[in-house]
Amino acid sequence: MQVNGKSIRTIWFDEPAQCVRIIDQTRLPHHFEIIAIDSLEQACEAITTMQVRGAPLIGITAAYGVFLAMRAGHESVTQVCQLLRATRPTAVNLQWALIQMESALATVPRQERSAVALVLANRLAEEDAAACSAIGDHGHALIETAWQKKREHSPEARCLNILTHCNAGWLATVDWGTALAPIYKAHRAGIPVHVWVDETRPRNQGAFLTAWELQQEGIAHTVIVDNAGGHLMQHGDVDMCIVGSDRTTASGDVCNKIGTYLKALAAFDNDVPFYVALPVSTIDFALHDGVREIPIEQRHAHEVSHMQGLDALGQLTKIQVMTEASAVSNYGFDVTPARLVTALITEKGVFGANKESLQAIAP
Ligand code: MRU
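Residues numbered from 1 in each chain as written. Predicted model: local features only at pLDDT ≥ 70, side-chain atom pairs only at ≥ 80, totals over all residues. Heavy atoms only, no water.

### Description of the site of the ligand
Logical step 1: Taken together, 19 residues sit near the ligand, with Arg53, Arg88, Gln205, Asn256 and Lys257 positioned nearest.
Logical step 2: In the environment of the ligand, an oxygen atom lies 3.0 Å from a nitrogen or oxygen atom belonging to the side chain of Asp246.
Logical step 3: Considering the ligand on its own, with 410 Å² of exposed area, one finds that the protein chains cover 100% of that surface.
Logical step 4: Those elements that provide at least two residues to the shell around the ligand are helix H2 (55-71) and strand S11 (254-257).
Logical step 5: Tallied by class, the residues present in the shell around the ligand amount to seven nonpolar, eight polar and four charged.
Logical step 6: Mapping the shell around the ligand onto the domain boundaries places at least three of its residues in each of domain 1 (2-125) and domain 2 (134-361). (Near = heavy atom within 4 Å. Polar contact = N/O pair within 3.5 Å; in protein donor to acceptor, adjacent residues only side chain to side chain. Areas by Shrake-Rupley, 256 points an atom, 1.4 Å probe, with all protein chains shown as cover. Helix = DSSP H or I, 4+ residues; strand = E, 2+ residues; numbered from the N terminus. Nonpolar A, V, L, I, M, F, W, Y, C, P; charged D, E, K, R; others polar. Domains from an automatic or database assignment.)

### A short note on the state of the cysteines
Logical step 1: One pass over the full model with this rule turns up zero disulfides.
Logical step 2: For Cys19, which is in no disulfide, the shortest distance to another cysteine sulfur is to Cys44 and amounts to 17 Å.
Logical step 3: On the accessibility criterion, Cys19 (4% relative accessible area) is buried.
Logical step 4: Free cysteine Cys241: the closest other cysteine sulfur is in Cys166, separated by 15 Å.
Logical step 5: Judged by its relative accessible area of 0%, Cys241 is buried. (Disulfide = S-S within 2.5 Å. Buried < 20%, exposed > 50% of the residue type's maximum accessible area, 1.4 Å probe, protein only.)

### Examining the sheet that holds strand S16 (residues 333-336)
Logical step 1: What the four strands build is an open sheet, ordered S13-S10-S11-S16; its pairing is mixed. Each having just a single partner strand, strand S13 (283-284) and S16 make up the two edges of the open sheet.
Logical step 2: Here S11 pairs with S16 via four bridges, running antiparallel. Bridge assignment links Asn256 to a residue of S16, and that residue is Asp334. (Pairing = 2+ DSSP bridges.)

### What to know about the packing of helix H1 (residues 40-48) against H2
Logical step 1: Contact geometry of H1 with H2 gives a least axis separation of 8 Å together with a crossing angle of 165°. As judged from the angle between their axes, H1 and H2 are roughly antiparallel. By crossing handedness, the relation of H1 to H2 is classed as left-handed. In contact with Leu40, Ala43 and Ile47 of H1, H2 contributes Ile58, Thr61, Ala62, Gly65, Leu68 and Ala69.
Logical step 2: Broken down by class, the residue content of the contact of H1 with H2 amounts to seven nonpolar, two polar and no charged. (Axes fitted to C-alpha atoms, helices over the stretch in contact; angles between N-to-C directions. Parallel < 35°, antiparallel > 145°, perpendicular 65-115°, else oblique. Left-handed = near helix turned anticlockwise from the far one by under 90°. Contact = heavy atoms within 4.5 Å.)

### Some words on the nonpolar core
Logical step 1: Membership of the largest hydrophobic core comes to 41 residues, with the highest contact counts inside it found for Ile11, Tyr64, Val66, Met70, Leu84 and Met101.
Logical step 2: Those elements that place two or more of their residues in this core are strand S3 (11-14), strand S4 (19-23), H1, H2, helix H3 (77-85), helix H4 (92-105) and helix H5 (110-153).
Logical step 3: The leading source of residues in this core is H2, at 12 residues.
Logical step 4: Residues within four places of Leu84 in sequence aside, it is in contact with Leu40, Ala43, Cys44, Ile47, Ala62, Gly65, Val66, Leu94 and Leu98.
Logical step 5: The next biggest cluster of nonpolar side chains, apart from the first, holds 37 residues, and it includes Trp147, Ile162, Phe208 and Leu209. (Core = buried A, V, L, I, M, F, W, Y, C linked by side-chain atoms within 4.5 Å.)

### Focus: the sheet that holds S3
Logical step 1: The three strands are arranged S3-S4-S5 in an open sheet whose pairing can be described as antiparallel. Of all the strands in the sheet, the pair left with one neighbour each is S3 and strand S5 (34-37). Mean inter-strand twist for the sheet, computed between neighbouring axes without regard to direction, equals 35°.
Logical step 2: Relative to S5, S4 is paired through four bridges, and the arrangement is antiparallel. Within the sheet, the bridge partner assigned to Ile22 lies in S5 and is Ile35.
Logical step 3: The strands touched by H2 within the sheet are S3, S4 and S5, with S3 carrying the most contacts at an inclination of about 25°.

So, to be careful, I would describe these as geometric facts and stop short of saying anything about function.
Next comes the structure, spelled out in structure tokens:
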């Protein structure tokens, strides 16, 4: 995608420098900084501190982490994968990517592992970008139909209003994104889209990352507080919701950033279509009951009690927004039951959020 008019991806192997490069997402939107990852430890840290985040991107970062460990001569692929797997528990793409790496390296002699791991990590990155582009094409068709229908009913309509939660844009993947890919493709095809961006407390991925991505692409958008969506839906100001997913069960339950469930409930109550865009690697076909079975990450209380932004001197700084006297809980994700999901947009097409429909793409 574009940053200041230049094409860029979120992660790549820098051949001349022989290191992995990422965009440090903890510095956005105020600072755009590319940093190097040179070791397994740095790959783990980048995932836990959320310099990289978003389900598909943490999977690809883990794959490069395996390569960096092999290059440094780590003996046990299994131990390396265990370390990477422990960084974040909810997004299944992390485990998916590590299974690909571990099984590909199982029979490779030690001195060849580094080269093989790099080829595979590069391939997984390419495949992720291609999958997200295809998600964009399938989702674009849904947006086009919705826009045509809206125009038939209200010829005076100026735009199609789409609500999204968190950041499921290109920053959350290698390129294109999941929930935002259909929006990018629709915008490039000339459909006038306007995006309601949930700020997504506590880490503000919506206000900091999604809004920044949309600015870069010149797409009309408005940042709203997380609780505004229901009100907008009651007033007919949301035509559809599109969100991403960190793990989706074989029965179509969707785990995504905390607050997604409440948006789905409001959408259901107001007859607003609620779409979830995801690569097939996000579907955990071993699970059937999302609420009971998906592990929900709990993060540090500081993410709730403090906020990051620019101070009066333009320095990126953290301020405390509440007293230390109150207890804080910080659940990172929630589960939206399949019955609230209109459809799942994948690289293989659009599927109903149910076991029968998803069986067509089960491995
Ligand atoms: O905690 P994060 O920022 O990694 O959470 C990201 C999300 O919840 C995204 O919506 C999800 O990973 C889908 S990414 C295409």
